[in-house]
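# Architecture at a glance
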Protein chains: 2
Amino acid sequence: MLFFTQCFGAVLDLIHLRFQHYKAKRVFSAAGQLVCVVNPTHSLKYAPTRCAAAQASTEQGILPPCHHHEVVHDPQLVPCTCPLFSCPWEGHLELVVSHLRQTHRINILQGAEIVFLATDMHLPAPTDWIIMHSCLGHQFLLVLRKQEKYEGHPQFFATMMLIGTPTQANNFTYRLELNRNQRRLKWEATPRSILECVDSVISDGDCLVLNTSLAQLFSDNGSLAIGIAITTSKVHSSEAEM
Amino acid sequence: MLFFTQCFGAVLDLIHLRFQHYKAKRVFSAAGQLVCVVNPTHSLKYAPTRCAAAQASTEQGILPPCHHHEVVHDPQLVPCTCPLFSCPWEGHLELVVSHLRQTHRINILQGAEIVFLATDMHLPAPTDWIIMHSCLGHQFLLVLRKQEKYEGHPQFFATMMLIGTPTQANNFTYRLELNRNQRRLKWEATPRSILECVDSVISDGDCLVLNTSLAQLFSDNGSLAIGIAITTSKVHSSEAEM
């Protein structure tokens with residue numbers, strides 16, 4: 001009799017687990033969007049003042065390479081733009097994507113609208129979540145960073161960079177969207193060019209910024225789902241044509 | 001000859017000024033929306049720990065009056081909900097609007113969609129910008145607050161409260177939208193009831209939060225324009241009907 005009761009309990013547990021799995025899957029694959037689970041990476045080269053000089057030169061209208069201490073002799077060569085690692089690589093802009101995929105193992109996803117599911121949001125700062133997104137004939141780099149701008153108060157910063165020139169970046173608009181617990185937060189902006197250094201975009205705060213409390217409201221089981229969409233910005237296109 | 005040249009210069013200046021004025025007006029009255037210029041008020045009763053006890057009772061499922069140190073003997077009476085001043089008034093919920101208008105001189109605006117134009121964003125924290133918004137048969141209180149949650153780093157917090165009960169508040173969704181410099185930020189949520197204390201909503205960070213740098217990107221000449229829209233949330237209405 002006890003054996004049958006235990007068997008019945010096990011079957012009930014299996015049904016419950018199956019339902020939980022179905023529920024989780026349904027939440028993140030609504031509207032047939034591609035969901036990409038992105039695991040965190042503890043940034044190995046993070047230093048808060050790294051981009052101070054780069055930022056100064058941006059203000060003077062010069063586009064700095066991220067590794068501003070390295071002299072780039074050929075103006076057509078760009079340094080490695082991976083926000084995670086100090087890397088001596090430099091090469092043509094067209095080779096950046098294959099370098100990031102092959103050397104830094106950053107995933108690339110296809111699709112106009114995707115969901116970026118960042119796991120383990122509780123990990124201490126500095127932590128980065130990174131993927132590449134291929135869309136409208138271009139490649140974009142999405143960076144979510146947990147960083148302590150004010151000591152003891154980590155915040156989340158999310159931005160999208162075009163792996164291309166600033167002129168090309170002006171032709172696009174990206175949208176990041178959080179939607180949970182009867183709350184919705186949307187950020188829309190023109191992507192920056194990867195030549196502009198992701199660290200300075202984040203230190204300027206010119207991106208989606210989330211306090212820890214708001215990030216917790218939007219996250220589910222320690223994971224934060226960010227809907228991403230990229231469109232061509234018609235105003236810019238027509239301005240460029242003029 | 002010099003006189004005529006000077007006269008011509010003055011006429012040109014006048015035309016330029018007229019054009020600038022027209023441009024400024026056009027920006028803030030796009031789509032026929034009502035624009036309300038809201039001047040700041042330096043909060044007289046601000047104390048960071050004021051709502052700690054109130055928050056604790058909310059977590060226990062009890063709705064606290066904002067002035068939790070005052071004992072409200074009649075459960076039908078609510079204290080003054082004005083976030084600006086310590087005020088001994090208490091009365092029925094239906095009388096809160098007229099009290100806020102008459103005693104605290106808070107303006108009330110009609111319309112489904114309005115633009116809240118907060119002036120003098122540079123003023124030091126703590127500062128509040130407040131209006132009431134009459135829409136869909138109810139009155140809402142919009143509070144924009146500049147506050148230093150982390151010392152030396154002021155942030156802006158914007159939220160909308162229903163002057164009504166939490167059950168009534170569940171029937172609505174409010175949207176706050178910032179749109180400038182090719183950037184757009186939207187926050188959508190269910191309004192909280194005014195009985196829940198605006199200070200605890202802000203200290204929880206469960207509202208639109210802006211860092212100073214982002215507030216500067218969205219502001220024009222020291223003023224921040226926030227588009228406001230309120231709708232009935234059908235999901236909640238149907239849930240309430242069940």
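Heads up: the structure comes first, above all this text.
Residues numbered from 1 in each chain as written. Chains lettered and ligands numbered in written order. Predicted model: local features only at pLDDT ≥ 70, side-chain atom pairs only at ≥ 80, totals over all residues. Heavy atoms only, no water.

The next subject is the environment of Pro166 of chain B. The residue Pro166 of chain B is located in helix H4 (residues 166–169) in this model. Sequence separation of Pro166 of chain B and Leu195 of chain B is 29 residues, and the distance between their C-alpha atoms is 7.7 Å. (Helix = DSSP H or I, 4+ residues; strand = E, 2+ residues; numbered from the N terminus.)

Residues and elements named next belong to chain B. Among the structural elements, Lys146 can be located in strand E8 (residues 138–150). The buried charged residue Lys146 lacks any salt bridge partner; its closest oppositely charged side chain belongs to Glu148, at an N-O distance of 7.9 Å. A polar atom in the side chain of Lys146 sits 2.8 Å from the backbone oxygen of Met121. A polar contact of 3.4 Å, which involves the side chain of Lys146, links it to the backbone oxygen of His122. For Lys146, the contacting residues outside a window of four places in its chain are Met121, His122, Leu123, Ala125, Pro126, Thr127, Trp129, Pro154, Gln155 and Phe156. (Buried < 20%, exposed > 50% of the residue type's maximum accessible area, 1.4 Å probe, protein only. Lys, Arg positive; Asp, Glu negative; His and termini not counted. Salt bridge = Lys/Arg side-chain N within 4 Å of Asp/Glu carboxyl O. Polar contact = N/O pair within 3.5 Å; in protein donor to acceptor, adjacent residues only side chain to side chain. Contact = heavy atoms within 4.5 Å.)

A few words on the packing of aromatic side chains. Residue and element names in this part refer to chain A. Applying the stated criterion to the full structure yields seven aromatic pairs over all chains. Here the aromatic rings of Trp129 and Phe156 are separated by 6.3 Å at their centres, their planes lie at 45°, and the arrangement is tilted. With Trp129 in strand E7 (residues 127–135) and Phe156 in strand E9 (residues 153–162), the pair connects residues that are 27 residues apart, well separated along the chain. What makes Trp129 buried here is its relative accessible area of 0%. (Phe/Tyr/Trp six-rings, centres within 6.5 Å; stacked < 30°, edge-to-face > 60°.)

This brings us to the relation of the copies chain B and chain A. For the pair chain B and chain A, the superposition axis carries a translation of 0.0 Å, the fit reaches an RMSD of 0.0 Å, and the rotation angle comes to 180°. The transformation just described matches what one would write down for a two-fold rotation axis. For chain B, the residue whose C-alpha comes nearest the rotation axis is Lys186 of chain B, separated from it by 2.5 Å. (Least-squares fit on C-alpha atoms with pLDDT ≥ 70 in both.)

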